[in-house]
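The primary structure of each chain is shown beneath.
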Amino acid sequence: MHLKRLVVALVLVPVLYLYTMYLPPQYFLLLITLVSTIGLAEFYALSGIAGLLRYTGLFWGAVLLSIQFFSREYFSETLLFASLVMLTIRLFVKRDAAGSVRAATAAVFGLLYIPGLLSFQLKHH
């Protein structure tokens, strides 16, 4: 089992290094967005966020990374708008109050935690 991991690491690490160092920065944005989407989907699965709220969060995670890459000065406004959209969706999708604070908090925290922190890896053009 450890041999497989070692072989994958020996192949994957140089490929990722070459990917990030020699390709144009837009490809790095694509890589970070892919990693962020996978991580955010896993976070939402662990938090029990599903349906429209989950897909909206994944969409806004990708948008936040793109905003950070292309127009860094609009990042905080976009994050605030995305949070308000997600809170509104939670309000209208489920009318019951049970778990609404937990679901809304987990959905918005996921945006801060995964794409928000990964956005610091992107350089401004």
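The preceding data block contains the structure.
The rules behind each value
- Residues numbered from 1 in each chain as written.
- Predicted model: local features only at pLDDT ≥ 70, side-chain atom pairs only at ≥ 80, totals over all residues.
- Heavy atoms only, no water.
- Patch = residues over 30% accessible without salt bridge, like charges linked within 9 Å, V, L, I, M, F, W, Y side chains within 5 Å.
- Areas by Shrake-Rupley, 256 points an atom, 1.4 Å probe, with all protein chains shown as cover.
- Salt bridge = Lys/Arg side-chain N within 4 Å of Asp/Glu carboxyl O.
- Helix = DSSP H or I, 4+ residues; strand = E, 2+ residues; numbered from the N terminus.
- Phe/Tyr/Trp six-rings, centres within 6.5 Å; stacked < 30°, edge-to-face > 60°.
- Buried < 20%, exposed > 50% of the residue type's maximum accessible area, 1.4 Å probe, protein only.
- Core = buried A, V, L, I, M, F, W, Y, C linked by side-chain atoms within 4.5 Å.
- Axes fitted to C-alpha atoms, helices over the stretch in contact; angles between N-to-C directions.
- Parallel < 35°, antiparallel > 145°, perpendicular 65-115°, else oblique.
- Left-handed = near helix turned anticlockwise from the far one by under 90°.
- Contact = heavy atoms within 4.5 Å.

A. Focus on a nonpolar patch on the surface. Among the surface-exposed residues, L3, L6, V7, L10, V11 and V15 lie close enough to one another that they form a single nonpolar patch of about 580 Å² accessible area. Mapped onto the elements, L10 comes out in helix 1 (residues 2-22).

B. Quick look at the packing of aromatic side chains. One pass over the structure, following the stated rule, counts seven aromatic pairs. Geometrically, the ring pair formed by W60 and F81 is edge-to-face, given 5.6 Å between the ring centres and 75° between the ring planes. Of this pair, W60 sits in helix 3 (residues 51-70) while F81 sits in helix 4 (residues 75-93); the two residues are 21 residues apart in sequence, bridging distant segments of the chain. Ring-pair connections join several aromatic residues into one group, and the members of that group are F43, Y44, F109 and Y113.

C. Looking closely at the environment of Y22. Positionally, Y22 belongs in helix 1. Take Y22: its relative accessible area is 63%, and that puts it in the exposed class. Sequence separation of Y22 and G110 is 88 residues, and the distance between their C-alpha atoms is 31 Å.

D. Highlighting the nonpolar core. In terms of nonpolar packing, the biggest core is built from 20 residues, with L40, Y44, I49, L53, M86 and L111 touching the most fellow members. Elements with a minimum of two residues in this core: helix 2 (25-47), helix 3, helix 4 and helix 5 (100-113). Judged by nonpolar contacts, the second largest core, of five residues, contains I32, L65, F69 and L122.

E. How the structure looks around the packing of helix 2 against helix 5. The contact between helix 2 and helix 5 brings their axes to 10 Å, and the two run at 160°. Viewed along their axes, helix 2 and helix 5 adopt a mutual orientation that is roughly antiparallel. Helix-helix and strand crossings are classified by hand; for helix 2 and helix 5 the assignment is right-handed. Listed contacts from helix 5 to L40, F43, Y44 and S47 of helix 2 are R102, A106, A107, F109, G110, L111 and Y113.

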